[in-house]
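If you want the building blocks of each chain, they are given just below.
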Amino acid sequence: MDTYFYCSYEHSRSGFFHTFLQGNQLFPVEGGHSGLPEELGEFFSYDRFLFLWRDFGMPVEKPWRQPEPTRCMLGIRGLTGRFSDGRGGTVNMAFYAPIQEEKRLRRIALAILGDFDAFQDKLLGWFSAGGDCGYKIDGENFNGWVEQCANNGRLRILTEKDHPAVRLLQNMYRESAPRIARDLLHFAVCTGSWKDTYKTMGDSINWYLKPQCALTREEFSKVFQNGGELWRLEPAE
């Protein structure tokens, strides 16, 4: 699994800058934007999603053909707050992995969505200004958090069973193979209407109907923000 960032902070001379995490340190993406995987380049460049968790497959000959996922991503845009040194900053982040690491990515996504506000504060607090890329990350704490997510497999629900977020878990936990391209989407927060979004997702015939897991930013805020912890990943017994 690879981790990429596209961040900046108040009064930064370099502005937003593409980096990737190697070990505990950030390094510049060679070639900048053009050096990113295509899917991440689109995610960072276009303001279509605040949150995008999906799989990608090889192109199919016909819209009704069953897709075969080969890779997956989890991206979050526009996280704002204070870096550890007190500067106001903005973090865009994406995980990118082969499909064999889908369960690992799922656990990270569930950990983030379980208490989104706390995650945002935690992540921003691991950043500071400086270094060769203009900003730095506390890679030891970040990687420790990732490993903790990956190793915790038991989900404990902390809110009402009929909470809207709990109803969305069915799609997040989908174990069966995707039947159509639309099944490649696990969760999304769209900046615009689905009518404006679906044509950017691939073959428009497959994506025309809005999936239940595609939320507006208003719906996301109402369900996942300012409400405390919804669920928690714990070590499997």
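These numbers were taken from a predicted model, which means no experiment stands behind them.

Conventions we followed
- Residues numbered from 1 in each chain as written.
- Predicted model: local features only at pLDDT ≥ 70, side-chain atom pairs only at ≥ 80, totals over all residues.
- Heavy atoms only, no water.
- Salt bridge = Lys/Arg side-chain N within 4 Å of Asp/Glu carboxyl O.
- Buried < 20%, exposed > 50% of the residue type's maximum accessible area, 1.4 Å probe, protein only.
- Pairing = 2+ DSSP bridges.
- Helix = DSSP H or I, 4+ residues; strand = E, 2+ residues; numbered from the N terminus.
- Contact = heavy atoms within 4.5 Å.
- Core = buried A, V, L, I, M, F, W, Y, C linked by side-chain atoms within 4.5 Å.
- Phe/Tyr/Trp six-rings, centres within 6.5 Å; stacked < 30°, edge-to-face > 60°.

(A) Region of the structure containing the pattern of salt bridges. One pass over the structure, following the stated rule, counts 10 salt bridges. The residue Arg 48 makes a salt bridge to Glu 42 at a minimum N-O spacing of 3.7 Å. Residue Glu 42 is classed as partly exposed on the basis of its relative accessible area of 34%. The closest approach of N and O atoms between Asp 85 and Arg 87, which form a salt bridge, is 3.4 Å.

(B) Structural detail: the pairing of strand β2 (residues 17-22). Pairing geometry for strand β1 (residues 2-9) and β2, over four bridges, is antiparallel. Looking at β2, one finds that Tyr 6 is bridged to His 18. Pairing of β2 with strand β3 (residues 25-28), which is carried by four bridges, proceeds in the antiparallel orientation. Residue pairing across strands places Gln 22 opposite Gln 25, the latter belonging to β3. Counted along the chain from β2 to the antiparallel partner β3, the turn is two residues long, and its residue Gly 23 has a positive phi close to 65 degrees.

(C) Main features of unusual backbone geometry. Of note in this structure, His 11 is not a glycine but carries a positive phi near 65 degrees. Of note, His 11 is situated in the loop between β1 and β2. The backbone of Asn 226 sits at a positive phi, close to 65 degrees, despite the residue not being glycine. Following the sequence through the fold, Asn 226 ends up in the loop between α9 (217-224) and β12 (231-235).

(D) Representation of the side chain of Glu 39 within the structure. Position of Glu 39 among the secondary structure elements: in helix α1 (residues 38-45). Glu 39 sits in the buried class, given a relative accessible area of 14%. Apart from the residues lying within four places of it in its own chain, the contact partners of Glu 39 are Phe 56, Arg 71, Met 73 and Tyr 96.

(E) Summary view of the nonpolar core. Counting residues in each nonpolar core, the largest one holds 50 residues, and the members touching the most others are Phe 5, Phe 187 and Phe 224. With six residues, the top contributor of residues to this core is helix α2 (residues 102-114). Setting aside anything within four residues of it in sequence, one finds Phe 187 in contact with Phe 51, Leu 52, Trp 53, Leu 113, Leu 168, Met 172, Cys 213, Leu 215, Phe 220 and Phe 224. By size, the runner-up hydrophobic cluster in this structure holds 22 residues, among which are Met 73, Cys 190, Tyr 198 and Met 201.

(F) Inspection of the packing of aromatic side chains at higher detail. On inspection of all chains with the given rule, the structure shows 22 aromatic pairs. Seen in terms of ring centroids, Phe 51 and Phe 187 are 5.3 Å apart; in terms of plane orientation they differ by 90 degrees. Their pairing is edge-to-face. Pair noted here: Phe 51 is in strand β4 (residues 49-57) and Phe 187 is in strand β10 (residues 185-190), with a separation of 136 residues, a long-range link. Connected via pairs of aromatic rings, a cluster forms that spans Phe 5, Tyr 9, Phe 83, Phe 95, Phe 119, Trp 126, Phe 127, Tyr 135, Phe 142 and Trp 145.

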